[in-house]
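Close look at the chain arrangement
The residues making up each chain are set out below.
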Amino acid sequence: MANSLTHRLTAHGLFSWERCVELARIRDSITVQPLDEGSLAMPLLLEETFAPVGVHLSWDEDEKGNGGVLVRCEDVDEDTASRAAAQVEQILYLDVTAEEVATFEDILARDDVLATVHARRAGMLPVLFVTVYQTCVWSIFTARSSMRQARSLWRNYSEEHGLPVTIAGRTYRTFPPPAFFLEGHELPGLRRQKWKYLEDVARAALSGHLNRNRLREMELEQIKKELKKVKGIGPYFADLVSAFGVGHRDVFLEHETRIHEAMGARYGVEPSDMHAIHQISDGWRPLRTWGCYLMMIDAILGG
């Protein structure tokens, strides 16, 4: 099979392709990788089956100037291409509804500080991990480790044990699928306790426990309860996985002090004053994830 199938995902008013590509470059993204001429490569593990799919992403405008993201998959059948496109729609936050856009605009109208941050970072929305499974693995990698160490581990495991896919004529590798962590491999760079955690993450993924669509049908507290059944995923990581793995819109990162520090600096409150922090974040409901992300990315980029 050597065919290429393309789906077009319509972009909403809060999305900016230029900012998406910019973030992939400056943040050294592990979800997407920059290609030539403003396009992106996404080595995808397909939800549920964890089959490898090479996805080429690019921007498109129709004759009326309406923008969209082209999702081109190589060497796949129509069903796989459709499922990959639906997964990309979630990952890039292109499944945002008109109602959510209007709600966010209302929040910005009430919150001058958030509106100022958004004006600096307009078009920057969260980019999810490819799967909830991978978000959980990233959580295990980063626990008591630096981001640099975790990123290095991620790339090493992808290069050595990932599945090959072709994107724009080049070979890329996905992150290893869950079965890898159940095959008794030595896991260099990780403490043995983390080996056990990764085995449990893998079992949860293969059983369907970490299926994104399954989790998205639940209320937030139930999502976090389900995630905390997986060894190695405590309250801190349950919040992060809910926000950036599942893609729940209304997660306040209760245990992420970097968010609190960013909020404190911008709103003029003490980061340790959780009553004040909660009062601010409550004004972001039902889109607290977006507020947290804007605080975080503004701090990282020097706002």
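Residues numbered from 1 in each chain as written. Predicted model: local features only at pLDDT ≥ 70, side-chain atom pairs only at ≥ 80, totals over all residues. Heavy atoms only, no water.

The final tally for this structure, using the stated rule, is 19 aromatic pairs. When the centroid spacing of 5.0 Å and the interplanar angle of 80 degrees are considered together, the rings of Phe 180 and Phe 181 count as edge-to-face. In this structure, Phe 180 and Phe 181 share a single accessibility class: buried. Put simply, the rings of Phe 50, Phe 129, Tyr 133, Trp 138, Phe 141, Trp 154, Tyr 157, Phe 175, Phe 180 and Phe 181 pair up and form one aromatic cluster. Sitting above the plane of the Tyr 93 ring, Arg 249 keeps its charged end 4.6 Å from the centroid. (Phe/Tyr/Trp six-rings, centres within 6.5 Å; stacked < 30°, edge-to-face > 60°. Buried < 20%, exposed > 50% of the residue type's maximum accessible area, 1.4 Å probe, protein only. Lys NZ or Arg CZ within 6 Å of the ring centre and 35° of its normal.)

Before going further, it helps to examine the pairing of strand E4 (residues 52-61). The pairing of strand E3 (residues 40-45) with E4 spans six bridges and is antiparallel. Considered in E4, the bridge of Ala 41 is made with His 56. Hairpin connection of E3 to E4: six residues between the antiparallel strands, including Glu 48 at a positive phi of 80 degrees. Bridge count between E4 and strand E5 (residues 67-74): seven bridges; the pairing is antiparallel. Bridging from a neighbouring strand, His 56 pairs with Arg 72 of E5. Counted along the chain from E4 to the antiparallel partner E5, the turn is five residues long, and its residue Gly 65 has a positive phi close to 85 degrees. (Pairing = 2+ DSSP bridges. Helix = DSSP H or I, 4+ residues; strand = E, 2+ residues; numbered from the N terminus.)

Moving on, we get to the packing of helix H11 (residues 257-267) against helix H13 (residues 288-300). Where H11 meets H13, the axes come as close as 9 Å, and the angle between the chain directions of the two elements is 80 degrees. Considering the angle they form, H11 stands roughly perpendicular to H13. Across the interface between the two elements, Ile 259, Ala 262, Met 263, Arg 266 and Tyr 267 from H11 touch Cys 292, Met 295, Met 296, Asp 298 and Ala 299 from H13. (Axes fitted to C-alpha atoms, helices over the stretch in contact; angles between N-to-C directions. Parallel < 35°, antiparallel > 145°, perpendicular 65-115°, else oblique. Contact = heavy atoms within 4.5 Å.)

Our focus in this paragraph is the side chain of Ser 58. One can find Ser 58 in strand E4. Ignoring sequence-local partners within four residues, the contact set of Ser 58 consists of Trp 17, Ser 39, Gly 68, Val 69 and Leu 70.

Two elements in contact, helix H3 (residues 98-110) and helix H4 (residues 112-120), have axes separated by 5 Å at closest approach and are oriented at 115 degrees. Only Asp 112, Leu 114, Ala 115 and His 118 of H4 make contact with H3, whose side of the interface consists of Phe 104, Ile 107, Leu 108, Ala 109 and Arg 110. The residue makeup of the contact of H3 with H4, split by class, is six nonpolar, one polar and two charged. (Nonpolar A, V, L, I, M, F, W, Y, C, P; charged D, E, K, R; others polar.)

So, on to the sheet that holds E4. Read across the sheet, five strands follow the order E1-E5-E4-E3-E2 without closing on themselves; strand pairing throughout is antiparallel. In this open sheet, the two edge strands, each paired with only one partner strand, are strand E1 (4-10) and strand E2 (33-34). Here helix H1 (residues 17-26) sits on the sheet in contact with E2, E3, E4 and E5, set at roughly 75 degrees to E3.

E3 sits mainly inside the fold: six of its six residues count as buried. Neither face of E3 is left uncovered, since the one carrying Leu 40, Met 42 and Leu 44 and the one carrying Ala 41, Pro 43 and Leu 45 both have all their residues buried. By the bridge criterion, two bridges tie E2 to E3 in an arrangement that is antiparallel. The residue of E3 that forms the bridge with Gln 33 is Ala 41. The hairpin formed by E2 and E3 contains five residues between the paired strands, and Glu 37 there has a positive phi angle of roughly 55 degrees.

Once that is clear, we can look at helix H2 (residues 78-91). For H2, spanning 14 residues, the distance from its first C-alpha to its last is 20 Å, which sits close to the expected 20 Å at 1.5 Å a residue. Taken residue by residue, H2 has Thr 80, Ala 81, Ala 84, Ala 85, Gln 87, Val 88, Gln 90 and Ile 91 as its buried positions. Contacts made by the buried residues of H2 are with E1, E3, E4, E5 and helix H8 (212-216). Phi for Tyr 93, located one or two positions after H2, is positive at around 65 degrees. (Expected span 1.5 Å × (residues − 1).)

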